[in-house]
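What follows is each chain in one-letter form.
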Amino acid sequence: MLQLKLTVTLLLFLSFSCAGWAQDNSEVNKTKKDVRKLEDIIVSEIKNELENKETGFAIKLNEEDLEKKQIIDTSDVLRYLPSIDARKYNVGGKSRVIIRGLGRGGRTITVSDGMSLTDLTSSYSDVMWNQIAPDEIENVEVIYGPFSALYPGNAIGGAVSITTKQPEEKFASIRTGYGFQNYKDYGYDETLPYYKANFQFGDRFKKFSFLGMMNVIDIDALPYSFSMKTVDSDISGDGVPVTGWMQDDDPQTGNPRYIFGDQGTREEIEMLGKIKVGYDLDDVSTISAEFRHWRRNLDSNDPHTYLRDSNGNEVWSGKVEINGLVYSPTYYGCQEQEYEGNVYQIVYKRDPKEALKTQFVLGYVDNYKYKSRSSSNSYPIASHGGSGTLTDTDNGWYNVEWSASYNFSKSHDVKGGIHYDNYFIDSDTWTISDWKDEDSIQAYSKGSAGKTQTYAIYLQDDWTLTDKWSIYFGGRYEWWKSYDGSISGIDSESNKITENIDSRNEDYFSPKFAVTYQPFDKWSFRLSLAQAYKFPTTYELFYGSMDSSTGMAVKTNPDLKVEKTFAKDFTIKRIISNGEIRLSVFENDIDDYIWQQSNIYTNTSYYQNIEQVRIRGVELDVRKKIGKYLYPGFNITYMDPKIVKNSGYPDSEGKLIPRVAEWTGNAYVNFTTPVDNLSGLVAAKYSSYPYRQLDNSDLRNDGFGTDEGYLIFDAKLSYGFLNHWTASLSVDNITDELVHRYHPFSGRMFSLEIKWEY
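Bear in mind that the values here come from a model prediction, so they are computed numbers and not experimental data. (Residues numbered from 1 in each chain as written. Predicted model: local features only at pLDDT ≥ 70, side-chain atom pairs only at ≥ 80, totals over all residues. Heavy atoms only, no water.)

Peer 1: Can you explain the sheet that holds strand 19 (residues 325-327)? Please cite residues and give values.
Peer 2: Overall, mixed pairing links the three strands, which are arranged 12-18-19 in an open sheet. The open sheet has two free edges, formed respectively by strand 12 (240-241) and strand 19, since each of these has just one partner strand. Relative to strand 19, strand 18 (residues 320-322) runs antiparallel, the two sharing three bridges. Looking across to strand 19, one finds that V320 is bridged to Y327. (Pairing = 2+ DSSP bridges. Helix = DSSP H or I, 4+ residues; strand = E, 2+ residues; numbered from the N terminus.)

Here you go:
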């Protein structure tokens, strides 16, 4: 079925492409003046190669481009872009950004107005999307690969740069939305709604500007996990005979398993408030200050058991008997999470048409409240209180950036700057007598703390040598340090013990180079080369546990080596009338790749270095306007992500890197209609099945606990009316595909939005 849907999608968009080529060939003899007129209406991300001085492939989306998509939360701005997986399991929250197979563990970076949104203190270095709202975005630029000296070593995969709005005149907007999905998976069957609202107001009074914003999303999210046991995991003893369980095969091993229940609906509320003020110091210089306050509450207090005893009562504890065998299921309890923080930012910008341009960014992200309370007992006892655990985390980061650029001429541009960042984390876990009361602390359990900091200087030089040749040289020198690290736990007598982790210092120089050749007006060729270094994150360095008998830290690796990447990209572009065709061939050779794996010699799972991996890929991107109403696009990527050498787990050598799909693609048609202000979108997203195991031993079958392939269709229809109003109706995952990337993705989602803008 998946292959059939993919074939239909490809045939549909190939027919659009053929129609476009026929139209293009009929216009070959038109004058250059005619061609320029046609190119004026190409979507914003299509530029002449020599006009776009990016050192690697980049896409820029403006506000109009974003309005064409169905954007529920900010991660949706990356929908349908080539080789990007902005993995999200439900509306809202945070997620990682993966570009060309790289992203997990701090291998891409996302910034907003120069301030990092990527949380390098979290396990996957997720992007804190809830710290920025979709409606405040002016444009988004996605840079592929580590070819720009402007971005740190964490941009091995690439970077996402978001620019927010600054009022030039009075404006106001209100957007409200409602959506729902009927989600079914195993024994779970619920209707899950979401609500969203955004309000913005801004104005300018001569030299002074002001912007205020409030954004709220209220979500009922699908269950994150399911309770299960393999059929051959029976135990001795007696159990209560039960019915209601479900059965499938483990998608990684193929062994039969029983499904006993699920985590239940997760209720989530996200709120974000923003105040931004600006002042024009003179005609070319501005200074602005911004304050954001955000909150995220997540409750999971309604788990389900599918098991019933002989009287039809729910079974929530103890051993059970199924088909004559006895099992001890894992029953879910309850959990409540509270997250809260502030973001402070000051930006000075000097932007004359000529002469030196400068920008200074000073920012601080203070995630001062990261609390999670979990019950030790299963439901329904847990709903009334009882023992549990409390985890209290304080994390955040500082960013300081000074940059400058100077145009010596229209053909020569130099940029440079100085960068500093500091990431910190301090996390502790206690047992508590009442999981609903954070003050009922009983005993210490475990903890982790640590900091990393990076200083950097960078310089890049763009030269347009002739009308056919341009060249780029760049370099970035980074000094990195990890310090104040410790791991805590308890000894055999329940006393708190702490092991300090030694400080480390590393420094590396990252050279960058690119050359572009444009033999004809519509053709360009670019070769980009770069060396990049990805430093271990605070999570990779400092999270672990203590052995109570020895008092030593285990499941940690403070001596992780720095990842070293040699990246190559060769891109060919062909400008066609009202469109563009691009073919990119890329390769990343990575030494000391950081991955969490079980070491065959120690039998312990923790972050380790894989000596060498290699990701090769081919990326095709086609975009073209056809006729008056159709704006189709199509992109497809093939990647060969290989583990070349891994002495910690030799069976993985020659295998594919887990969680990286070999094939990904998107196809979409933006369209307008003869009806004024009526427009829409039809789109498809495709991914093949990646592996989860390092030795590629998993079967890649469907089911919870594996990474599945998918082909998902979306659609949106928008209508503008009464000058200031816009209504849109969209459907995500039209065919209601059931998809798991270990945890389940959302099903068919209907959304209705109303926007008023003045």
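Read on for the rest.
Peer 1: Can you lay out the nonpolar core for me, pointing to particular residues and giving the numbers?
Peer 2: In terms of nonpolar packing, the biggest core is built from 22 residues, with L78, L81, V140, V142, Y144 and I162 touching the most fellow members. Of all the secondary-structure elements, those providing two or more residues to this core are strand 1 (58-62), strand 2 (84-86), strand 3 (97-99), strand 6 (137-144) and strand 7 (158-164). Considering every element that reaches this core, the biggest residue donor is strand 6, with four residues. Filtering out sequence-adjacent residues up to four positions away, L81 remains in contact with I59, L61, K69, V142, Y144, N635 and N666. Membership of the second largest hydrophobic core comes to 16 residues, among which are I156, F586, I590 and M639. (Core = buried A, V, L, I, M, F, W, Y, C linked by side-chain atoms within 4.5 Å. Buried < 20%, exposed > 50% of the residue type's maximum accessible area, 1.4 Å probe, protein only. Contact = heavy atoms within 4.5 Å.)

Peer 1: Account for the environment of Y423, naming residues and giving values.
Peer 2: Counting through the fold element by element, Y423 comes out in strand 23 (residues 412-432). Sequence separation between Y423 and T706 is 283 residues, and the spatial gap between their C-alpha atoms is 32 Å. Excluding its chain neighbours within four sequence positions, the residues that come into contact with Y423 are S116, T118, L120, T121, G396, W397, G450, K451, T452 and T538. Engagement of the side chain of Y423 in a polar contact is seen with the side chain of S116, the distance being 3.2 Å. (Polar contact = N/O pair within 3.5 Å; in protein donor to acceptor, adjacent residues only side chain to side chain.)

Peer 1: I'd like a rundown of the pairing of strand 37 (residues 710-721), residues and numbers included.
Peer 2: Two elements, strand 36 (residues 678-687) and strand 37, share 10 bridges in a ladder whose sense is antiparallel. If you follow S687 over to strand 37, its bridge partner there is Y710. Alignment of strand 37 against strand 38 (residues 725-732), held across seven bridges, turns out to be antiparallel. Across the sheet, Y719 pairs through a bridge with A727, a residue of strand 38.

Such coordinate-based values are descriptive only and should not be taken to indicate function.
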